Amino acid sequence: MSHPGGLRRPPGMRIAIVGGTGTLGSHVTEELRARGHDVRVLSRRSPEHPVDLTTGAGLAAALAGCDVVVDAANSRSAKGAERALVDGTRNLLAAGRAAGVGHHVCVSIVGCDRVPVGYYRVKTAQEQAVAEGPVPWTVVRITQFHELAGEAFAALGRWRLLPVPKARLQTIAAADAARAVADAAERPARLGRVEAAGPETADARELARTWRAVTGRRVLQLPLPLPGALGRALRAGGLTTGRPDTRGTVTFAEWLARDAAAAPERTPVR
Ligand SMILES: NC(=O)c1ccc[n+]([C@@H]2O[C@H](COP(=O)([O-])OP(=O)(O)OC[C@H]3O[C@@H](n4cnc5c(N)ncnc54)[C@H](OP(=O)(O)O)[C@@H]3O)[C@@H](O)[C@H]2O)c1
């Protein structure tokens, strides 16, 4: 089978996916298994390969015999992010080196070094740890997932008011992003970055209107002013990219419509 980049696909590799149960990681797992690779799912609650990035526990056994590591782990708490993503990356790279891993694929965020948010500073530090680390690497920078936008609107709109700032976004379905990560895992280490982004660029306020229309949520959308450097960076499209290496195909509206069809109980009756 030919590779999306024109290369021949490598024969089945053993690939460890840290965070293989998460929003992105579960799609990466499915994608790489469908391509014939031997995939190990690593996470704190993984029954077969329990690991903890923050302490390094379990990594040596879980990485034994692996050709490639994909790091799709995440921490949703601000405090936990630095430990899981920066200290965790150093632990993962050291264990990867000891196990003879030939390629470390790190998932990161488009524009994380352009937008002043604490979590993005952690992602930039994680990328740096990877670039300085002992294992050949590729960083796959991805824009915000449709899943994240959908969750954020649902959480912000739960009191029937939906405050949304002006922000240029290029959201992508996690399943589309996973194909870009799988492509990177199959290719040789790039010692550099590749980017994946959604099929269209839209303002967060436009996305919120789409979310209201498709889900039928009756919420009052309000403008949320975002002053300072953060507001400027978001309005200027700091989280978007003009020339992604991979462009997703599913729009936010299409993804919402599929999501609503798959889980009708989550779509409130008008
Ligand atoms: N969300 C977005 O819109 C977005 C956009 C672009 C890039 N990204 C990047 O994509 C990656 C994945 O994000 P996501 O939203 O898919 O994550 P997620 O759904 O929150 O999943 C996180 C995964 O990491 C595992 N994990 C957490 N702490 C761990 C630890 N200490 N040791 C081992 N495993 C741990 C979790 O499993 P356990 O709880 O079982 O450990 C889970 O499988 C991150 O690098 C993120 O920055 C996200």
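Note on numbering: residues in each chain are counted from 1, in written sequence order. Whole-chain, interface and lining totals are the exception, using all residues; otherwise, since this is a predicted model, local features are given only for residues with pLDDT of at least 70 and side-chain atom pairs are given and counted only at 80 or more. Excluded from the side-chain calculations are hydrogens and water; all other atoms, namely the structure's heavy atoms, are used.

The next subject is the overall build of the chain. A run of DSSP states H or I qualifies as a helix once it reaches four residues; a run of E qualifies as a strand once it reaches two. Both are numbered from the N-terminal end. The helix and strand inventory of the chain stands at nine helices and 12 strands. In terms of overall dimensions, the chain is globule-like: its C-alpha atoms have a radius of gyration of 19 Å, near the 18 Å expected for 270 residues. The C-alpha extent of the chain, read off along each of the three principal axes, is 55 × 40 × 35 Å. For the area figures, the Shrake-Rupley method with a 1.4 Å probe applies, and any residue is considered shielded solely by the protein chains shown. Accessible area of the chain: about 13100 Å², with a carbon and sulfur share of 54%. Distance between charge centroids for the chain: 6 Å, based on 37 positive and 25 negative side chains. As a reference, a globule follows 2.2 Å times the number of residues to the power 0.38, and the radius of gyration itself is taken over C-alpha atoms. Counting rule for charge: Lys and Arg are taken as positive, Asp and Glu as negative, and neither His nor the chain ends is counted. Every charge is mapped onto a representative atom, which is NZ of Lys, CZ of Arg, CG of Asp or CD of Glu.

Moving on to the sheet that holds strand 12 (residues 246-247). Taken together, the eight strands give an open sheet; going across it, the order is 3-2-1-4-5-6-9-12, and neighbouring strands pair in parallel fashion. The sheet is open, and its two edges are formed by strand 3 (49-50) and strand 12, each paired on a single side. The pairing criterion is simple: DSSP has to find at least two bridges between the two strands. Relative to strand 12, strand 9 (residues 192-197) runs parallel, the two sharing two bridges. Within the sheet, the bridge partner assigned to alanine 196 lies in strand 12 and is threonine 246. The contact rule is simple, with two residues in contact once any of their heavy atoms fall within 4.5 Å. Lines fitted to C-alpha atoms define the axes here, with helix axes fitted over just the stretch in contact, and angles between the N-to-C directions of these axes take values from 0 to 180 degrees. Contacting strand 1 (14-18), strand 4 (68-71) and strand 5 (103-109), helix 3 (residues 78-99) crosses the sheet at an angle of about 170 degrees to strand 4.

By convention in these notes, a salt bridge is any Lys or Arg side-chain nitrogen within 4 Å of a carboxyl oxygen on Asp or Glu. Taken as a whole, this structure holds nine salt bridges when the rule is applied. We note a salt bridge from arginine 14 to aspartate 38, for which the minimum N-O separation is 3.0 Å. Of this pair, arginine 14 sits in strand 1 while aspartate 38 sits in strand 2 (residues 38-43), placing them 24 residues apart in sequence. Three exposure classes are used, based on accessible area relative to the maximum for each residue type with a 1.4 Å probe and protein chains only: buried under 20%, partly exposed in between, and exposed over 50%. Arginine 14 gets classed as partly exposed once you look at its relative accessible area, which sits at 30%. Between arginine 193 and glutamate 127 there is a salt bridge; the shortest N-O distance is 3.8 Å. Note that arginine 193 is positioned in strand 9 and glutamate 127 in helix 4 (residues 118-131), a separation of 66 residues in sequence. Given the relative accessible area of 7%, glutamate 127 is considered buried. Through salt bridges with shared partners, a single network forms among Glu31, Arg35, Asp183 and Glu186.

This part covers helix 4. A helix is expected to reach a length of 1.5 Å times the quantity of its residues less one. Across its 14 residues, helix 4 extends 20 Å between first and last C-alpha, which sits within 8% of the 20 Å expected from 1.5 Å per residue. Of the positions making up helix 4, those classed as buried are Tyr120, Val122, Lys123, Gln126, Glu127, Ala129 and Val130. Residues of helix 4 that are buried sit in contact with strand 4, helix 3, strand 5, strand 6 (137-142) and strand 9.

If you check the shell around the ligand, you find 26 residues, and the closest are Thr21, Arg44, Arg45, Tyr119 and Lys123. Alanine 73 places a polar main-chain atom, nitrogen or oxygen, 3.4 Å from an oxygen atom of the ligand. Under this definition, polar contacts are N or O atom pairs within 3.5 Å; protein pairs additionally need one hydrogen-donor-capable and one acceptor-capable atom, and for neighbouring residues in sequence, both atoms have to be side-chain atoms. The side chain of arginine 76 places a nitrogen or oxygen atom 3.0 Å from an oxygen atom of the ligand. Protein contact buries 93% of the 910 Å² of open area that the ligand shows by itself. Taken together, the elements giving at least two residues each to the shell around the ligand come down to helix 1 (23-34), strand 5 and helix 4. The greatest single-element share of the shell around the ligand, amounting to three residues, is contributed by strand 5. Residue classes follow a fixed rule: Ala, Val, Leu, Ile, Met, Phe, Trp, Tyr, Cys and Pro count as nonpolar, while Asp, Glu, Lys and Arg count as charged, and any other residue, Gly among them, counts as polar. Among the residues making up the shell around the ligand, the classes are represented as 11 nonpolar, 10 polar and five charged. What makes a residue near a molecule or strand is one non-hydrogen atom of that residue sitting within 4 Å of it.

For strand 9, the tally of buried residues reaches five of six residues, placing the bulk of the element in the interior. Of the pairings in the sheet, the one linking strand 6 to strand 9 comprises five bridges and is parallel in character. From the neighbouring strand, threonine 138 faces strand 9, where its bridge partner is glycine 192.

Let us look at the environment of leucine 256. Looking at the element boundaries, leucine 256 is found in helix 9 (residues 252-262). Relative accessible area serves as the criterion here: at 4%, leucine 256 is assigned to the buried category. Each C-alpha atom, one on leucine 256 and one on alanine 154, is 12 Å from the other, the two residues being 102 residues apart in sequence. Setting aside chain neighbours within four positions, we find leucine 256 in contact with Thr210, Trp211, Val214 and Thr215.

With respect to the element layout, alanine 60 can be found in helix 2 (residues 59-63). For the pair alanine 60 and alanine 99, spaced 39 residues apart in sequence, the C-alpha to C-alpha distance is 6.9 Å.

On to a positive patch on the surface, then. By definition, no residue in a patch forms a salt bridge, and every one has over 30% relative accessible area; like charges are joined within 9 Å, nonpolar side chains (Val, Leu, Ile, Met, Phe, Trp, Tyr) within 5 Å. A cluster of basic side chains, namely Lys166, Arg168, Arg209, Arg232 and Arg235, defines a positive patch on the protein surface. Its location among the elements puts arginine 232 in helix 8 (residues 228-235). Arginine 232 gets classed as exposed once you look at its relative accessible area, which sits at 52%.

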